[in-house]
Amino acid sequence: GDSVTQMEGPVTLSEEAFLTINCTYTATGYPSLFWYVQYPGEGLQLLLKATKADDKGSNKGFEATYRKETTSFHLEKGSVQVSDSAVYFCALSDSGAGSYQLTFGKGTKLSVIP
Amino acid sequence: GAVVSQHPSWVICKSGTSVKIECRSLDFQATTMFWYRQFPKQSLMLMATSNEGSKATYEQGVEKDKFLINHASLTLSTLTVTSAHPEDSSFYICSARDTVGQGKWTNEKLFFGSGTQLSVL
């Protein structure tokens, strides 16, 4: 079946540091890939997405590139801020457009200190 | 943007009791809601899909008689953990599909609650 593996946290960075959260996947089909973010006390929010190979999703300074050859979708940000402290979930959807079923990774907690 | 309210945010109960978790879409109608569960150090796992006015669809391995889902209106779905046991202690989270809202990509219409941490003593 489908699965998502992301690096275990927690990750603690100083403000303005470079962030990478690794995510790899296995899927039977040709999945769409997502990063969700959960800020403290809030629900998961879609951060960015990519629907085909070599697509780059980006939002709020974060970006991730769909790498089919390495089955990866690593999340990066060049300079993190304290407000980026949250839990980040990598996810895939393997049922084509119109599907709302997601397979999630375990989540990576990021703490950014001033 | 669309908001999904989930209550309670945490609950502690005794073994053998039942616990109800509510998931409300505050400013949109949701014909479909999803219930997930996350055990410590594990992934969020889909438990069931809740459809307004009809029976929920449960994922393999999830006991429908233990996890009762009611989706009686377009803005409310409830998950009741019946006869809870310590092994049911987990983080439960709901999501709701906005059938009308903006966003051409389907997952942009999917909104999550903030989750419920259940601890069964």
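Residues numbered from 1 in each chain as written. Chains lettered and ligands numbered in written order. Predicted model: local features only at pLDDT ≥ 70, side-chain atom pairs only at ≥ 80, totals over all residues. Heavy atoms only, no water.

Thoughts on the overall build of chain A
Point 1. Assigned secondary structure in chain A consists of zero helices and twelve strands.
Point 2. Along chain A, helices (α) and strands (β) appear in the sequence β-β-β-β-β-β-β-β-β-β-β-β when read from the amino end.
Point 3. The C-alpha atoms of chain A give 13 Å as radius of gyration, which agrees with the globular expectation for 114 residues (13 Å, within 12%).
Point 4. Dimensions of chain A along its principal axes, counting C-alpha atoms only, are 40 × 30 × 20 Å.
Point 5. Within chain A, buried positions represent 45% of all 114 residues.
Point 6. Looking at chain A as shown, the accessible area adds up to about 5200 Å², and 47% of this sits on carbon and sulfur atoms.
Point 7. Averaged over its 9 positive side-chain charges, chain A has a centre that lies 3 Å from the centre of its 12 negative ones. (Helix = DSSP H or I, 4+ residues; strand = E, 2+ residues; numbered from the N terminus. Rg over C-alpha atoms; globule rule 2.2 N^0.38 Å. Buried < 20%, exposed > 50% of the residue type's maximum accessible area, 1.4 Å probe, protein only. Areas by Shrake-Rupley, 256 points an atom, 1.4 Å probe, with all protein chains shown as cover. Lys, Arg positive; Asp, Glu negative; His and termini not counted. Charge placed at Lys NZ, Arg CZ, Asp CG, Glu CD.)

Considerations on the environment of S54(B)
Point 1. Relative to the helices and strands, S54(B) is located in the loop between β5 (45-51) and β6 (57-58).
Point 2. Distance from S54(B) to A72(B), taken between C-alpha atoms, is 8.3 Å for residues 18 residues apart in sequence.

Structural notes on the interface of chain A and chain B
Point 1. Opposite the 21 residues of chain A that make contact, chain B presents 22 residues.
Point 2. The interface formed by chain A and chain B contains zero salt bridges.
Point 3. If you look at where chain A meets chain B, you find four residue pairs in polar contact (both at pLDDT 80 or more).
Point 4. Residue assignment for the side of chain A that touches chain B shows that the elements contributing at least two residues are β5 (32-38) and β6 (45-50) of chain A. (Contact = heavy atoms within 4.5 Å. Salt bridge = Lys/Arg side-chain N within 4 Å of Asp/Glu carboxyl O. Polar contact = N/O pair within 3.5 Å; in protein donor to acceptor, adjacent residues only side chain to side chain.)

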